Amino acid sequence: MSNETINIAVTINVSAGLPSFSYFPDGPIIVSEATDVVFTLTDCSPALSFDAPLISYVPTNASRDINAVVSLDAQTLTLSDTDADSETIGVQLVVVDAYGNAYASPDPRIINKD
């Protein structure tokens, strides 16, 4: 049985060293079954690539059931969520530019529902 898939396009513009992140679709990500959340970089200026995300769990004793995989070309980040617990997960997407400068997003929320 395969996981449900949620696709999210991520556009990032960096101006004067400050990143602006936008998502389509926007809003919290609600998960009620095992799900792959696929973030894809689109129309970024300058050219950016994904790095490993920063993940936090609430409650803090929730199982660590998120697996993050960055594609070989670093343009796609897939978060596989087993939905093992009822929890809210904070995810900061991290991207880097050609010079090695890293930028972290405000954290999109993944909410696991029973």
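Residues numbered from 1 in each chain as written. Predicted model: local features only at pLDDT ≥ 70, side-chain atom pairs only at ≥ 80, totals over all residues. Heavy atoms only, no water.

Q: Lay out the sheet that holds strand β7 (residues 76-81) with the relevant residues and their values.
A: Two modes of strand pairing occur in sheets, parallel and antiparallel, and in both the strands are linked by backbone hydrogen bonds. Pairing within the open sheet is mixed, and its five strands lie in the order β2-β1-β4-β7-β6. The open sheet is flanked by β2 (18-24) and β6 (66-70), the only strands paired with a single partner. Strand-to-strand twist in this sheet, taken as the mean axis angle between neighbours without regard to direction, amounts to 20°. Here strand β1 (residues 4-15) pairs with strand β4 (residues 35-41) via seven bridges, running parallel. Looking across to β4, one finds that Asn7 is bridged to Val38. (Pairing = 2+ DSSP bridges. Helix = DSSP H or I, 4+ residues; strand = E, 2+ residues; numbered from the N terminus. Axes fitted to C-alpha atoms, helices over the stretch in contact; angles between N-to-C directions.)

Q: Pulling in residues and values, what's your account of the nonpolar core?
A: The biggest cluster of nonpolar side chains holds 23 residues, and the ones touching the most others in it are Ile8, Val10, Ile12, Phe39, Leu93 and Val95. Looking at this core, the elements with two or more residues in it are β1, β2, β3 (29-31), β4, β5 (48-58), β7 and β8 (88-97). Not counting the four nearest positions on each side in its chain, Ile8 is found in contact with Tyr23, Phe24, Pro25, Ile29, Val37, Val38, Phe39 and Thr40. (Core = buried A, V, L, I, M, F, W, Y, C linked by side-chain atoms within 4.5 Å. Buried < 20%, exposed > 50% of the residue type's maximum accessible area, 1.4 Å probe, protein only. Contact = heavy atoms within 4.5 Å.)

Q: Just give me the short version of the side chain of Thr35, but keep the residues and values in it.
A: As for its placement among the helices and strands, Thr35 is situated in strand β4. Looking at Thr35, its side chain comes within polar contact range of the main-chain oxygen of Glu33, at 2.6 Å. In this structure, Thr35 is in contact with Asn3, Glu4, Ile6, Leu79, Ser80 and Asp81, ignoring residues within four places of it in sequence. (Polar contact = N/O pair within 3.5 Å; in protein donor to acceptor, adjacent residues only side chain to side chain.)

Q: How would you summarise the environment of Gln92 if you had to cite specific residues and measurements?
A: Here Gln92 shows up in strand β8. The class of Gln92 is partly exposed, set by a relative accessible area of 31%. The spatial distance from the C-alpha of Gln92 to the C-alpha of Pro106 is 6.0 Å, given a sequence separation of 14 residues.

Q: Describe the confidence of the model for the chain, with residues and values.
A: Of all residues in the chain, 81% attain a pLDDT of 70 or more, and the chain-wide mean is 84. No element of the chain has a lower mean pLDDT than strand β10 (residues 109-112), at 65, and none a higher one than strand β9 (residues 102-104), at 94. (pLDDT = per-residue confidence, 0-100.)

Q: Outline unusual backbone geometry, listing residues and values.
A: Cis rather than trans, the peptide bond between Phe24 and Pro25 has omega equal to -5°. Tracing the sequence through the fold places Pro25 in the loop between β2 and β3. Put simply, Ser45 and Pro46 share a cis peptide bond, and its omega is 0°. With respect to the helices and strands, the residue Pro46 is situated in the loop between β4 and β5. Phi is positive for Asp43, which is not a glycine, with a value near 50°. On the secondary structure map, Asp43 appears in the loop between β4 and β5. Taking the relative accessible area as the measure of exposure, Asp43 reaches 67% and is therefore exposed.

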